[in-house]
Every structure is written in C-alpha cells, then in structure tokens.
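Structure at a glance
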Amino acid sequence: MQEFFQFAGNYWWLVFPLAAMAGGAIKRLDTLATRRHERRLEMIRAKGELKAAQVAARTNPVAVASEPKPITRPSPMPDQLEKLFASHDAVTARWLEYELDVAKLIDFPTMSDGRQPLTAAFLKAKKVADAARPASVTAKVTPDQVAEYRTAVTDYEVAFDLAERDARRQRTSGLSDAERKRLSTAKQLLAVATDGSASPAERHTAYRRARAELDGLISLSDEAIVVLEKKVALELPSGGPDAPSDTPPETPRADA
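From a predicted model like this one, the values you see are computed outputs, not experimental measurements.

**Details of the packing of aromatic side chains**
- Under the counting rule described, the total for this entry stands at six aromatic pairs.
- Pairing F85 with Y149 gives two aromatic rings, centres 5.9 Å apart and planes at 80°, and the pair type is edge-to-face. With F85 in helix α3 (residues 77-99) and Y149 in helix α6 (residues 143-170), this pair connects stretches of sequence that are 64 residues apart. Of the two residues examined, F85 and Y149, each falls in the buried class.
- Their ring planes at 80° and their centres at 6.0 Å tell us that Y98 and F108 sit as a pair that is edge-to-face.

This is the structure we're talking about:
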C-alpha cells in the first residue's frame, strides 16, 4: 500500500488525462444507450403502424387500394415453350439430314430401318413428341401439359442420339456382302445422276439404276425422292433430244 501512495505522489499529474479518458468513455456509453433507445422506439412505432394498416385493410379494403402492390412477373410458360420448341426442332432437323439425303442413308442404312429396335424407339418418341407439342408458344396450356411435353422432347432427344450412335457404329455391317455391293453401286450411280457435267440421258439412266439397286434395301420417303429428283432434274428427259425412251423405235413399213 505504501508503494502505491508513493507512486501516486510521484505521478499525481496522471489523474487529469485518466479522468478525461474515463469521462469520454462514459459519454460514449451514454450515446450508444441513447441510440439503442431511439431504435427501439422506432421499431415500436413501425410495428404499431404496420398493425394499424393490417387492421385498416381488413375493415376497409378500398382505403388501401392505392397502396403500392408487389410486382408480379408474367407467366414463364411462353419462355419454356420457346426453349422446348427449339430443342424439338433441332432434333427433327438432325433427323431430316438422314431422311432427305439418300447418299447419307446409304452410309447409315439403319436410320431408315424401322425394324431396328433403336430406330423404332426413336420413331415412336418422335410421334409422341409431335403429338404433345402445343400449337404455338402462346397456346393456353397447363403446367402439367408443359411438363408432359418437356418429358416427350427429352425422350425424343435421347432416342435419336441412341439411334444415331448405333447407326454410325453399325454402318453397313449388318448387311450381306451382296447387299453392301448393291449400296456401293447405288452410291456411285447417284454421284453420276447428280453430276451437272453429265448429260440428261446419263443422269436419268443412272438415277433409275440407283433406285433399282436401293429397292428393298433402303426405304426412301416421298420427301427424299422429291429432293433427289430435283437434283437429278428428271424433267429434262421429257423434252430434250438426249432423253432416253422406254418405247421401242417404230419399225419401218415395208411399203415406205
């Protein structure tokens, strides 16, 4: 204790700055307490105003009709349908690359063979997706209908991927040597049939022979035939001097 009084006697001047520091700390605590009290009062007032507004809304709905209402977003159905339509159309476009290109079908014949399990599954999934597709993005549909269509499009995509992979894996391996030879011959003939440098007669003859080679091996759709005939320009033989004739030449009369 004597040592403390001796220290205090020697450093008595420290009392003033320590007292100032203590006073500042007390003032700071008092300020914080005041602010906490003000915030508490503000919360009490806000709760009271909210409760009064709720009571007013229940008793007099018209009185609060001008109050701002929460922003509502439009139905996401059109956006969902646009994305599903795009996915649906993309798969169909990939399928048409095979369906309308005879040369490509010759390379991957199983893509047109409904007897193949994966091709049959794809064609079935296509039919389901086409049937589930709404008329337009603005069509009135329920969430369940959109969900059904989404599932159908997904199945359609998966089924096509599987069928395409299998077709590219098999190529012509499932055919006999004679059938592969016929496909090879048909492909060469189609190259002549669509060669612009060949004469109309050559194109016409090559086209007919190619169709004969493909008969029974690949099922060509009507659309594929139309596309192919436009390339071959089958209308040329009907009037040109080089047009081959399927009728035998007329036998000269003996009295001529």
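**Here we look at the layout of surface pockets**
- Each pocket or cavity is described by its volume, and for the largest pocket that value is around 190 Å³.
- Residues belonging to the lining of the largest pocket are distributed by class as follows: three nonpolar, seven polar and four charged.

**Remarks on the environment of V137**
- In this structure, V137 sits in the loop between α5 (117-132) and α6.
- By relative accessible area, V137 is classed as partly exposed at 24%.
- Sequence separation between V137 and L81 is 56 residues; the distance between their C-alpha atoms is 5.5 Å.
- Ignoring sequence-local partners within four residues, the contact set of V137 consists of P78, L81, E82 and F85.

**What to know about helix α9 (residues 222-232)**
- For α9, the complete set of buried residues consists of A224, I225, L228 and V232. On an axial view of α9, the arc spanned by its buried residues comes to 95°, and they lie on one face. Opposite the buried face of α9, by more than 90 degrees, sit the exposed residues D222, E223 and K230.
- Packed against the buried residues of α9 are α3, α4 (102-107), α7 (177-193) and α8 (200-214).
- Just downstream of α9, A233 is the residue with a positive phi angle, here 60°.

What counts as what
Residues numbered from 1 in each chain as written. Predicted model: local features only at pLDDT ≥ 70, side-chain atom pairs only at ≥ 80, totals over all residues. Heavy atoms only, no water. Phe/Tyr/Trp six-rings, centres within 6.5 Å; stacked < 30°, edge-to-face > 60°. Helix = DSSP H or I, 4+ residues; strand = E, 2+ residues; numbered from the N terminus. Buried < 20%, exposed > 50% of the residue type's maximum accessible area, 1.4 Å probe, protein only. 1 Å grid on protein atoms, 1.4 Å probe; cavity = no way out; pocket = protein on both sides within 12 Å on 5 of 7 lines; lining within 4 Å. Points joined across faces, edges and corners; volume = space filled by probe spheres on them. Nonpolar A, V, L, I, M, F, W, Y, C, P; charged D, E, K, R; others polar. Contact = heavy atoms within 4.5 Å. Arc of directions from axis to C-beta.

Everything listed here is a matter of coordinates, which is why it stays silent on function.
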